Amino acid sequence: MTGLIMAAQLILGLSILVLLHELGHFIAAKAFGIKVEKFYLFFDAWGFKLFKFTYKGTEYGIGWLPLGGYVKIAGMVDESMDKEAMKLPAQPWEFRSKPAWQRLIVMLAGVTVNLILGVILFTMIILVYEKEFVPNSALTNGIYPYEIGERAGFKQGDKILQINGNDVVRFKDATSLSLFFGSEIMVERNGKNETIVLGDEDYEAFKIAENKALFEPNFPAFILDSIVPERPAEKAGFKKGDRIIAVNDTIEVQKWPKFMSVIEKHRNKEICITYIRNSVDTLSVNLTVDSVGIGVARVIPNLPTEKYTFGQAVYYGWKDALSMLKMNVVGIGKIFKGKEKATDSLQGPIGIAKIYGGVWNWGKFWFITGLLSLILAFMNILPIPALDGGHVIFLLIEVLTGRKFSDKFMENAQMVGMVILLSLMAFAVGNDIFRLFK
C-alpha cells in the first residue's frame, strides 16, 4: 500500500504540473492564431491511447506512458519529429509562419505557468496550512545554536536582525535550510551588531550533519514531556517532568541543542545522566544510548504568533518559492562545479516518489508539488535543444540577427537535445535503482 500511495502522489503531482505547463503553451499558441494539433497528458507512444476526442481541430487525449505530456503545435519542430509536415509549404496558421516575438512568447508560456503555479501553491500552503507565524521580535532572549550553528559562529543570546540585508520578520526565515547556500546574517550580540557569513565550509558541515538546524529560540532549561516505551530512557526510569542537567558529570546540558549534540556523539555508548525530579531531588542513572538516541521528547514552550494577512501570504509565498528555487539552482550549480556528486543530488521518478512518502498528507503533497513546479520551470528554461530553453535561445538569436534557423538545423538540434534528455533520464532512473539496492 505504501508503494501505491507513493506512485499515486507522484503521478498526480507530475500530471498537474505537466498539464498546466502544456496548457500555457496551448493558450499562448491559440492567442496568436496558431493551430494546436494535439494536447495529451502522458505520451501516446507508438500510437496507443487510453482516451481521445477531437474538438475544434485539436485532438485531446491521455496516452499510456506516464512520463509527462505534450502539445503538438503545427509547423514546429518538436519531439514528434514530424519531418513530412515540415516539408510542406508553410501555412499562415503554423508556428513557423509567425513573428519571432510571438513564437518566443509561446515557448516561454509553459515555464511562466510553472513559476506562477509554484508561487500560488506556496501561498496556498501559508493560508491553509501554516496560517500563522512566530515573529522574530518575539525572541527577546535571542537564539541558542545547535552544533552546526555554533561552528558557523552563532552564540547563545544572539538576536537575528537581517539576512542578506533584509530585516527578518518571521523567525522561520532565520531557520531556512537555504541559508547554507550562501548568506550573510546580521546579529545583535551584547549590544553590538555582528555579521556571520555562511560559506562553503558551513555547507560541507551541513551536508554531513545529522541535525541540520542552525539554532532555535533560547528557551529555558528543558523538561521532559514524553518517554518512548521500550527505549533507553524508559528502561532507566525517566518520567515526564524530569529535567536533565548534565551528562557524565562534567557536561552541562540544560539546553536541548546541547543535549542533542552530546547524545549524537555517544551513540551506542554508555553514559551517566544527571537530572532533577520534582524540582527537588537530584538523581543520576547510567544507560546506553541506542542508534537513534534515548527516546525522549521535551516540553516546548509556546511562543507568541501572528496570523498571516492575505497580502503577507502572497508576499511570503513568492519569497518562499524563490528561496526554494535558489536553493535548488545553487545546488545544481555545485554539481557542475564538482562540489556535489550527481549521484547524491539528482532524483529520478523513484526518488521523487519516496520524497512524497507513503502517507498521503495534503500539506506535504502541495509543498513538494509546488517545489517540483519551480524546479520544472528552471530545468525547462535551460539552453538545451529539445527543451523550451533551447528554443528560446534560437529565437533570441533570430530576434537579434534577423536570421531564422533552417528547419534542417532545428531538426538536428532537436535530435541532439533528445539524446541528452534521454541520457539524463536513463542516468536518473538508473541512479534511483542503484540507491534501492544500496
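Note that this is a predicted model, so its numbers are computed, not measured.

What counts, and at which threshold
- Residues numbered from 1 in each chain as written.
- Predicted model: local features only at pLDDT ≥ 70, side-chain atom pairs only at ≥ 80, totals over all residues.
- Heavy atoms only, no water.
- Helix = DSSP H or I, 4+ residues; strand = E, 2+ residues; numbered from the N terminus.
- Buried < 20%, exposed > 50% of the residue type's maximum accessible area, 1.4 Å probe, protein only.
- Polar contact = N/O pair within 3.5 Å; in protein donor to acceptor, adjacent residues only side chain to side chain.
- Contact = heavy atoms within 4.5 Å.
- Axes fitted to C-alpha atoms, helices over the stretch in contact; angles between N-to-C directions.
- Parallel < 35°, antiparallel > 145°, perpendicular 65-115°, else oblique.
- Nonpolar A, V, L, I, M, F, W, Y, C, P; charged D, E, K, R; others polar.
- 1 Å grid on protein atoms, 1.4 Å probe; cavity = no way out; pocket = protein on both sides within 12 Å on 5 of 7 lines; lining within 4 Å.
- Points joined across faces, edges and corners; volume = space filled by probe spheres on them.
- Pairing = 2+ DSSP bridges.
- Core = buried A, V, L, I, M, F, W, Y, C linked by side-chain atoms within 4.5 Å.
- Phe/Tyr/Trp six-rings, centres within 6.5 Å; stacked < 30°, edge-to-face > 60°.

One can find Asn114 in helix α3 (residues 100-130). Taking relative accessible area as the criterion, Asn114 reaches 0% and is therefore assigned buried. For Asn114, the side chain forms a polar contact with the side chain of His21, separated by 2.6 Å. If near-sequence neighbours (up to four positions away) are discounted, Asn114 is found in contact with Leu17, His21, Ser373, Leu374, Leu376 and Ala377.

Bringing the packing of helix α11 (residues 349-356) against helix α14 (residues 407-437) into the picture now. Between two packed helices, the angle of one axis relative to the other and the distance separating the axes together describe the packing. Closest axis-to-axis distance for the α11/α14 pair is 7 Å, and the angle between their directions is 60°. Between α11 and α14, the angle falls in the class oblique. Between α11 and α14, the contacting residues are Pro349, Ile350, Gly351 and Lys354 on the first element and Val429, Asp432, Ile433 and Leu436 on the second. Residue classes in the contact of α11 with α14 are distributed as five nonpolar, one polar and two charged.

What follows concerns unusual backbone geometry. In this structure, Lys56 is a non-glycine residue whose phi angle is positive, near 50°. Positionally, Lys56 belongs in the loop between β2 (49-55) and β3 (58-63). If you check the backbone angles, Ser279 has positive phi at about 60° while not being a glycine. Structurally, Ser279 can be placed in the loop between β15 (270-277) and β16 (281-288).

Another aspect to go through is empty space enclosed by the protein. For the structure on display, the rule yields three cavities of 30 Å³ or more. For the largest cavity, the calculated volume is near 200 Å³. Around the largest cavity, the lining is made up of 16 residues, and of these Phe95, Arg103, Leu395, Lys404 and Met410 lie nearest the centre. Counting residues per element, the ones that place at least two in the lining of the largest cavity are α3, α13 (388-401) and α14. Element by element, the count of residues in the lining of the largest cavity is highest for α13, at four residues. Of the residues that constitute the lining of the largest cavity, the class distribution is nine nonpolar, two polar and five charged.

Roughly 660 Å³ of internal volume is contained in the second largest pocket. Lining the second largest pocket are 27 residues, with Asp173, Ser176, Ser178, Asp320 and Ser323 positioned closest to its centre. At the level of elements, α3, β8 (166-167), α5 (171-174) and α9 (310-336) are the ones that each hand at least two residues to the lining of the second largest pocket. For the lining of the second largest pocket, the element with the highest residue contribution is α9, accounting for eight residues. For the lining of the second largest pocket, the residue count by class is 12 nonpolar, seven polar and eight charged.

Read from one edge to the other, the open sheet built from four strands follows the order β14-β13-β15-β16, with strand pairing classed as antiparallel. Of all strands in the sheet, those with a lone pairing partner are β14 (251-252) and β16, marking the two edges.

Turning our eyes to something else, we now look at the nonpolar core. Grouped together as the largest cluster of nonpolar side chains are 31 residues, with contacts concentrated most on Phe154, Ile160, Ile185 and Phe215. Among the elements that line this core, the one with the most residues is α9, at four residues. Every residue in contact with Phe215, bar those within four places of it in the chain, is listed here: Ile143, Tyr144, Pro145, Tyr146, Phe154, Ile160, Phe171, Ala174 and Thr175. The next biggest cluster of nonpolar side chains, apart from the first, holds 21 residues, and it includes Phe222, Phe238, Ile244 and Ile271.

What the rule picks out here adds up to 32 aromatic pairs. Measuring from centroid to centroid gives 5.7 Å for Phe43 and Tyr70, while their planes differ by 5°, and the two rings are stacked. In this pair, Phe43 is assigned in strand β1 (residues 36-43) and Tyr70 in strand β4 (residues 65-73), connecting sequence segments 27 residues apart. The exposure class of Phe43 is partly exposed, given its relative accessible area of 25%. Every member of this aromatic cluster is reached through a ring pair, and the members are Phe26, Phe39, Phe51, Phe53 and Tyr60.

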